[in-house]
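# Examination of the molecular architecture
Each chain, written out:
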Amino acid sequence: ASSGPLMRRLNGYRLGAGDLWNHSVATAVASQWLAQALHYPNPEEAYVGGLLHDIGKLMLDQYVLVDYTKIVDLMRRYNLSLWQVEEQVIGIDHATVGSMMAEKWNYPVILVDAIHYHHAPSLARVHPELPAIINVANAWSSRQSPASQEIFVQSIHPESLQILRLSEERLERFQEEMTAYMIGS
């Protein structure tokens, strides 16, 4: 994937050429790994969901660029996530936009939901385990990424751990194993 939309610069999100692709692939690999570790029935689905989770950023980038200072200010001042501030400032967040794109392309409901709810997994209409897996993987890969600015680092939603029946201890162990796997591969 030396070209294509996932490779381009996203100036609004402060992502250089290739950064979104690298983050998407890292999230896809982490999602598949976690899905296997948790015996999720379809690890390939987790890979695809992880790969596509941020496609909405392609559409929203120009709007984020216009309001960047305001967005960062609100995130810092009220300790809000990017997607929450996107919703306030732009009127829609990247996860919702991504799910609308996936719906237009006739993706299965499970993938549409995985993209839509990767920040709020319990809202998924079907199989909340999938967006919960992507939520955890997204947090892991956003922390690992050298391109990720501190303010854009994702946190794991507490409901993801409940949905996946993951204790903090088991999560930490998984994270160590996952990091070793990523470095080794």
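Of the regular secondary structure elements, the protein holds ten helices and zero strands. For the protein, the sequential pattern of α-helices and β-strands runs α-α-α-α-α-α-α-α-α-α. Taking 2.2 N^0.38 as the reference for a compact globule, 185 residues should give roughly 16 Å; the C-alpha atoms of the protein span a radius of gyration of 15 Å, in line with that estimate. Looking at the protein as a whole, 51% of its 185 residues are labelled buried. If you take every contact in the protein between residues at least 6 apart in sequence, the share linking residues at least 24 apart comes to 58%. For the protein, the exposed surface amounts to about 9300 Å²; the carbon and sulfur share of it is 52%.

Applying the stated criterion across every chain yields a total of five salt bridges. Linking K57 and D54 is a salt bridge whose minimum nitrogen-to-oxygen distance equals 3.3 Å. The burial state of K57 is the same as that of D54; both residues are buried. Measuring nitrogen to oxygen at the nearest pair gives 4.0 Å for the salt bridge that ties R125 to E103. A residue pair is termed long-range when its members are at least 10 positions apart, and R125 in the loop between α7 (109–116) and α8 (129–144) and E103 in helix α6 (residues 94–104) qualify at 22 residues. Taking the relative accessible area as the measure of exposure, R125 reaches 53% and is therefore exposed. Sharing partners across several salt bridges, the network here consists of E103, D113 and R125.

The rules behind each value
Residues numbered from 1 in each chain as written. Predicted model: local features only at pLDDT ≥ 70, side-chain atom pairs only at ≥ 80, totals over all residues. Heavy atoms only, no water. Helix = DSSP H or I, 4+ residues; strand = E, 2+ residues; numbered from the N terminus. Rg over C-alpha atoms; globule rule 2.2 N^0.38 Å. Buried < 20%, exposed > 50% of the residue type's maximum accessible area, 1.4 Å probe, protein only. Contact = heavy atoms within 4.5 Å. Areas by Shrake-Rupley, 256 points an atom, 1.4 Å probe, with all protein chains shown as cover. Salt bridge = Lys/Arg side-chain N within 4 Å of Asp/Glu carboxyl O.

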